[in-house]
Structures are given as structure tokens and as C-alpha cells.
Amino acid sequence: MSISYHPPASDALALDVRGLSVEFPTRKGVLTALSEVSLTIRRGEILGVVGESGAGKSMTGMAVLGLLEPPGRVASGEIRIGGRRTDNLSEAEMASIRGSMVGAIFQDPLTSLNPLFSVGQQLIETIRLHSSLSRAEARARAVELLKQVGIPGAEERIDHYPHQFSGGMRQRVVIALALAGNPQLIIADEPTTALDVSIQAQITALLRKLCREHGTGVMLVTHDMGVIAETADRVAVMYAGRVIEIGPVEEVLSRPKHPYTRGLMGSIPALGARVERLAQIDGAMPRLNAIPTGCAFNPRCLEAGSRCRNVRPVMVAEGQGSVACLVHDGGVQ
Amino acid sequence: MIAFLVKRVGNAILVMLTVAFFAFLIFRFLGDPVEMMVNESATQVERDELRSRLGLNDGFLVQYLRFVTNAAQGQFGLSWRNQQNVITLIGERFPATFELVIIATILSLAIGIPLGVFTAIGRGRWWAEGLQFSSIVGVSLPSFFVGIILILAFSVSLGWLPGYGRGEVVQLGWWSTGLLTPSGRAAIVLPALSLSLFQITLVMRLVRAEMLEILRADFIKFARARGVKRRALWFRHALKNCLMPVVTLTAMQVGNLIAFALVTETVFQWPGMGMLFMQAVTFVDIPVMAAYLCIVSFIFVTLNTFVDIAYAVIDPRLRAA
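Criteria and thresholds
- Residues numbered from 1 in each chain as written.
- Chains lettered and ligands numbered in written order.
- Predicted model: local features only at pLDDT ≥ 70, side-chain atom pairs only at ≥ 80, totals over all residues.
- Heavy atoms only, no water.
- Buried < 20%, exposed > 50% of the residue type's maximum accessible area, 1.4 Å probe, protein only.
- Helix = DSSP H or I, 4+ residues; strand = E, 2+ residues; numbered from the N terminus.
- Pairing = 2+ DSSP bridges.
- Domains from an automatic or database assignment.
- Contact = heavy atoms within 4.5 Å.
- Axes fitted to C-alpha atoms, helices over the stretch in contact; angles between N-to-C directions.
- Buried area = accessible area lost by both parts, 1.4 Å probe.
- Salt bridge = Lys/Arg side-chain N within 4 Å of Asp/Glu carboxyl O.
- Polar contact = N/O pair within 3.5 Å; in protein donor to acceptor, adjacent residues only side chain to side chain.
- Expected span 1.5 Å × (residues − 1).
- Arc of directions from axis to C-beta.
- Phe/Tyr/Trp six-rings, centres within 6.5 Å; stacked < 30°, edge-to-face > 60°.
- Lys NZ or Arg CZ within 6 Å of the ring centre and 35° of its normal.
- pLDDT = per-residue confidence, 0-100.
- Patch = residues over 30% accessible without salt bridge, like charges linked within 9 Å, V, L, I, M, F, W, Y side chains within 5 Å.
- Areas by Shrake-Rupley, 256 points an atom, 1.4 Å probe, with all protein chains shown as cover.

**Student:** Could you give an account of the pairing of strand β7 (residues 185-189) of chain A, naming the residues involved and the relevant values?
**Tutor:** All names here are of chain A. For β7, the buried fraction is high: 5 of the 5 residues fall into the buried class. Judged by which residues are buried, β7 turns out to be covered on both faces: Leu185, Ile187 and Asp189 on one side and Ile186 and Ala188 on the other are all buried. Both strand β6 (residues 102-105) and β7 contribute to a ladder of 4 bridges, which runs parallel. Of the residues in β7, the one forming a bridge with glycine 103 is isoleucine 186. For β7 and strand β8 (residues 217-221), the ladder comprises 5 bridges, and the chain directions are parallel. Bridged to alanine 188 within β8 is leucine 220.

Here it is as C-alpha cells:
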């Protein structure tokens, strides 16, 4: 394993993932869902993670949370949250990390909240799990959290049940719950996908504001480039379980280095531009049991050469980011 | 909500009227009441006189309405066997059956719910699969057989618990309770266990199925992501979401338990309504049978109506609707 991409090892990192591989043992053999994923998130920084469905975006988030669905397991690599190694912890130890060091926001706020408990009960439960506050103190903190996420009339709303909130308000409650234990890192898995477009902007703005104020690192998993452009500081592009490009958001969006990233950018319609047909990348992402040798993208890549079919590209520094592409690492032939 | 309640109560009344109709048919047309009541040597004049005194010459509808009116006031006439007021007879026996059914229900919930949770969270482990398999036995064994086995094991062989009767009872007003005396408490164990075995397995299998479903829900995953510990996850977040069908099942099954109690009471010589009914059948004591039918149906229908109200109490989403 040669890692050309060396992030600074520092406690200032909210998340430090190195060489993470996740495997699913099945009857037909072991499927590698994530392969050698490395990425870092600083405190107060938002890292967007993009890719097609099945690229491993959500899987990376779940692995960090220690919530991989069995039989999935971390096969190799290291995960550090706030400087503490977490990939080798027991389920009980991991449970005390979740909520206090790493929080989560999931896609659908309707199904994320337990319908039979008021939002106050769920907030107070979470706060008390991660602090020694009394019930009354926890309630005061819960009201404060609801105010922070912009819920009007928080003192009354705290006793309401999830079904009494609108979709956007519910996602605010979910964000309040994610923040309740003061985590250093939040995994936001498609946090705006289930919301109206008008609400999406409010939620991403709120997320951005809160992560700046609290110094919380955010892993923003999404397939929506627009959300990335508005919200993220840096962006990681994933393909077939690997990170293929990572860098500052302006650089990746305006000067993508990987052919796949360029293809992704090309497929976004520009507002006001009249085009007959959107650009698309021919072919489909390979299934986990049929990932090509060499570069996983080579069958679809317009620039691929003979070397791409045999040599697996590794991340190399390029500009302010890094890219895993032989075009930038010794040529394709 | 009020319109809904009115509709439910209206349905309940309709069902009760139908049941009363069948009870009336039994009462009126199963054999000739006059033949049953009079002395064999009674003259035709005496018979005709009794017939008109009982109102048996009135029209069908008039008789039915009279029956319903009386039944609604708890008047089911006299037992043909011992000339006692039927409602008094049933009133004397009701506490025994009620206590048996309540204890059996409590047992089925107290044992069935935890077993359901454990078999769900331990799925794939040998002990959970073993329990799940043995629950099939519980569902399949007939109630009287379970009763006999229990008597054989704990009463005859081990001699730990009494195998028949109700023990000493204490009179609280018109209510006689066996729960306040040691012998009464000992006597209720075996019949209650025998009666509840089927319910235990039913509750257990239901809770298991519901738990397996709920544990896959997003809010469980999100609760884990918030750091909720496994115990709270299972018994607080997941279990509460499983309780709705359990409430339905339990309330419905209380009616069934009263019906099943007939068998259990016979096996254990338990002096409840079921035994009274069995005796009434033997003696063709039709007023008692009609009254039993009406009262058991009334309990059934009332419980079902309360289930709907209980839904609203458990699930806040239904309160506004």
C-alpha cells in the first residue's frame, strides 16, 4: 500500500480516516464496499462527499458512526474522531462515542424521530446521555438548542410530537438532536434530499452557521452538486467505493482533475442555458462484485489507456487537492 | 373524534341487539318453557294460565322487545333448575371468572412481552430460536390437556399447589375474592397458568414479529446514532412502538379468555361462570344459557370499543384525529 496523500496528523482534525476498507462477506465471496478510503475533516469545516448511488458515500458515514449493517465490517484502515481512534472499539464503547463525539443527521426527518416521544423527551434523553445535567437543566438546554436551530416558540414546541412539525422544522429538530451532545463531528447523510427546494437552502445555511459557531466538522454526504457548491469547504468525489478526487470546493468544481469528476460537472445543467440534451457519462458504475482491475473507472473513461487497465491509481497531490488518476501520475500508456 | 365515538357505540349496540335476538330465540323456541316449568300432572287450564302469565301468547316482536328491555336491566328471569334469579347466580360466579381471566392476562403480558423482546433481539442464537420453536407447542396444545398436565405435575406428583377449587374466599360487598387469602392465591396459580399459556405464546410471537420490524426503522438507527444504549433502545424506543397491536390483541383475547375459561374452569373445578354454564347445559337451564350468552357478548363488545379509545391514549398521532 503506497499512500502518497499524507494529511497532517493533528488533534485539530475532527475526522481522520486512513486506508479504510469495508467488506461484506457473502455466500459468493467477499464484497469490498469501500477500498482504501482516506479523508480528513478539520474542526468547523464542511467536507462534501459526492458520487452516484452505491459509490460508498453513505457507507463511509456509517462506518465512521460504527453503524455498518452486519455482516459488513471494517476490514482494514483507521478511523480517528477528534484524535481518538474509534474503529477498534466495542459496541458499548462506540455507543458512548456516538452522540458525544460524532452526531448524525439522516435523510428523512419524518422517520428519524420516534413518533411516540415528544421532541423534548428525545432531546432530554440525548442530552442526559452525554452529560450529568438534571432533568430540569437538560430541559433548559433542550429549549436553548431548539432556539439555536431556529424553531419559533421553542418553549411550547418542546412538548410537541414529531408529527406536529413540518418537514423542514423536523429536520431542524434532528439537527438539534445531532448537536445535543456537543460532538466534534456530524455525519449528515443526504440531510436535504427529502425536503422542498426552498427549505433545502435554509437547512444547509443553518448547518453551515452552526458548524462554524460550534467548531464542528461536518461530513455532508449528498449527490446534489448544488448543495455542495453552496455549503462545503472541500469536496471528496467517490466512485465504486474509492475516493478519486479531493480538494477545495472551488477548485474541484471549476477545475476538476479526474475525468469522472469532469463528467459529473458536465452533467449539471446551467441555469438559463438552452441545451437539447444533458451531457452524460456513458455506461454505469460497476457492481461491487465486478469492479474492473486497474482504475475502476477505466471502461467508461474517454482518456483511458492500457496502463489504466492494469495499474490501480493512488491519491497524488495535485494543486491544492489530490487525485487518483494515472493521467496525473505517470501517464496512461 | 366525537362522531367516531358515536359511530363505535352505535355499532356496539347493533351487535348487542343481534346477540340478544339469538339469545331470545334460544330462550323462546328451544323446547317449550311451559313444559319445562310445570309439574307433569298440571292441567291444561293451569298450563294456559301460566302461558299467558309469562306473556308467551304475545306477538313475536313484543316478546323480543320485552326480552331486550329486561335484559338491559339485568332481568333474565329465574333459573329453571333451582328457581334462583339468574342474574344473582351469575353475579355470584362472575368474580371467580373475572379474577382468573385478569390474572391470566397479567401473566400473558408479564411473560409474553419480555420473551417476545428477547427472541427478537437474540434472533439466530440457539436460545431464541429454541423459545420460538417451543412457542409453537404452546399455541398447539389444547387448553384442557395443558390443565391436566399441570395438575398431574404440580398438584398430584409434587403436591405444591392445589389442583381444584378456589381456596378460601373473602367477601367484599357482593364481590368474593380469593386473592386475599393464601389458599386462594395458591389455588389460582395453576388454572391461570393453564389459561394463559396460549396467550403467552401469542403475545410473545406478536411482540417478536413487531420488534423485528421496528428495529429496522430509521428512528432506531438515528437513536443509536444519538448514543442511546441498547437496553433503552429495545425496551423504550422499540417496545413502545410494538404495544399498539399488543393492546388490540390483549383486549380481544380477554373476551376469548372468558370463553376459554369454560374449559379451564371445568378441568380445575373452578366455581366461575363457565362452570355455571356447563351445569346449565347439562340441565337444559335455558335462562342461564341465554344470560351467559348476553353477558359474555357484552364484555366482548365493550372491550372492543375500549380498544379504539386506548389507541388514542398510546399514539399521540391519533389524539387529534
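So much for the structure itself; the text now carries on.
**Student:** Before we move on, can you summarise the domain arrangement of chain B with the specific residues and values?
**Tutor:** Domain parsing of chain B yields domain 1 (2-72) and domain 2 (93-282). Using only C-alpha atoms to locate each centre, domain 1 of chain B and domain 2 of chain B end up separated by 37 Å.

**Student:** Give me the lowdown on the sheet that holds strand β2 (residues 29-42) of chain A, citing residues and values where you can.
**Tutor:** Residues and elements named next belong to chain A. Taken in spatial order, the 4 strands of this open sheet run β2-β1-β4-β5, and their pairing is antiparallel. Among the strands making up the open sheet, the edge pair consists of β2 and β5 (84-85). Pairing of strand β1 (residues 13-26) with strand β4 (residues 73-81), which is carried by 7 bridges, proceeds in the antiparallel orientation. Within β4, the residue paired with valine 22 across the bridge is valine 74. Contacts from helix α1 (residues 57-65) reach β1, β2 and β4 within the one sheet, and its direction differs from that of β1 by about 105 degrees.

**Student:** Any details on the sheet that holds β8(A)? Residues and values, ideally.
**Tutor:** All names here are of chain A. Here we have 8 strands laid out as an open sheet, ordered β6-β7-β8-β3-β9-β10-β12-β11, and mixed in their pairing. Every other strand in the sheet has two partners, leaving β6 and β11 (316-318) as the edge strands with one partner each. Strand-to-strand, the axes of this sheet are offset by a mean angle of 25 degrees, without reference to chain direction. Seen against the sheet, helix α7 (residues 167-179) touches β6 and β7 and runs at an angle of roughly 170 degrees to β6.

**Student:** How would you explain the interface of chain B and chain A if you had to name every residue and give the values?
**Tutor:** With 20 residues of chain B at the interface, the matching set in chain A holds 30 residues. When the two sides are added together, the surface that chain B and chain A hide from each other amounts to roughly 2400 Å², 60% of it contributed by carbon and sulfur. Looking at the side of chain B facing chain A, the largest losses of area belong to Phe222(B), Arg224(B) and Arg226(B), adding up to 29% of the total buried there. Residues Arg224(B) and Glu91(A) are paired through a salt bridge, measuring 3.3 Å at the closest nitrogen-oxygen approach. Across the chain B-chain A interface, the total number found is 14 residue pairs in polar contact (both at pLDDT 80 or more).

**Student:** So what about helix α4 (residues 60-72) of chain B? Which residues, and what values?
**Tutor:** All names here are of chain B. Here α4 is 13 residues long and its end C-alpha atoms lie 18 Å apart, about the 18 Å a rise of 1.5 Å per residue gives. Those residues of α4 that sit buried are Gln63, Tyr64, Phe67, Val68 and Ala71. Relative to the axis of α4, the buried residues are bounded by an arc of 135 degrees and lie together on one face. Along α4, exposed side chains directed more than 90 degrees from the buried face belong to Leu61 and Ala72. Trailing α4 by a residue or two, glycine 74 shows a phi angle of about 80 degrees, which is positive.

**Student:** Explain the packing of aromatic side chains to me, and be specific about the residues and the numbers.
**Tutor:** Following the criterion strictly, the structure yields 16 aromatic pairs over all chains and no others. Relative to Phe67(B), the ring of Phe24(B) lies with its centre 5.7 Å away and its plane at 50 degrees, an arrangement referred to as tilted. In this pair, Phe24(B) is assigned in helix α1 (residues 2-29) and Phe67(B) in helix α4, connecting sequence segments 43 residues apart. Taking the relative accessible area as the measure of exposure, Phe24(B) reaches 2% and is therefore buried. Judged by centre distance (6.0 Å) and plane angle (45 degrees), the ring pair of Phe154(B) and Trp160(B) falls under tilted. Exposure remark for Phe154(B): the relative accessible area of 26% places this residue in the partly exposed category. By relative accessible area, which is 60% here, Trp160(B) ends up exposed. Its guanidinium or amino end placed over the ring of Phe106(A), Lys221(B) lies 5.6 Å from that ring's centre, counting from NZ or CZ.

**Student:** Could you give an account of the confidence of the model for chain A, with specific residues and numbers?
**Tutor:** For chain A, per-residue confidence averages 87 on the pLDDT scale, and residues scoring 70 or more make up 94% of the total. Note on residues 1-9 of chain A: pLDDT under 50 across the span, and 16 contacts to partners over four residues away in sequence or across chains.

**Student:** Describe unusual backbone geometry, with residues and values.
**Tutor:** Here the residue pair Pro70(A) and Pro71(A) is connected by a cis peptide bond, since its omega of 5 degrees sits within 30 degrees of zero. For Pro71(A), the position within the fold is in the loop between α1 and β4. Even without a glycine there, the phi angle at Glu36(A) is positive, about 55 degrees. Within the element layout of this structure, Glu36(A) appears in strand β2. Overall, the relative accessible area of 34% leaves Glu36(A) in the partly exposed class. Phi at Gln269(B) is positive, roughly 50 degrees, even though this residue is not glycine. Among the structural elements, Gln269(B) can be located in the loop between α10 (230-268) and α11 (273-282).

**Student:** With reference to specific residues and values, describe a nonpolar patch on the surface.
**Tutor:** Residue and element names in this part refer to chain B. On the surface, Val137, Leu141, Phe144, Phe145, Ile148, Ile149, Leu152, Val156 and Val263 cluster together into a nonpolar patch covering about 740 Å² of accessible area. When residues of the nonpolar patch are assigned to their parent elements, the largest contribution, 6 residues, is made by helix α7 (residues 143-157). Locating phenylalanine 145 in the fold gives a position in helix α7. Among the residues examined, phenylalanine 145 registers a relative accessible area of 36% and is labelled partly exposed.

**Student:** Give a description of the side chain of His258(A) that names residues and reports values.
**Tutor:** By the secondary structure assignment, His258(A) is in the loop between α10 (249-254) and α11 (259-266). A polar contact of 3.0 Å, which involves the side chain of His258(A), links it to the backbone nitrogen of Tyr260(A).

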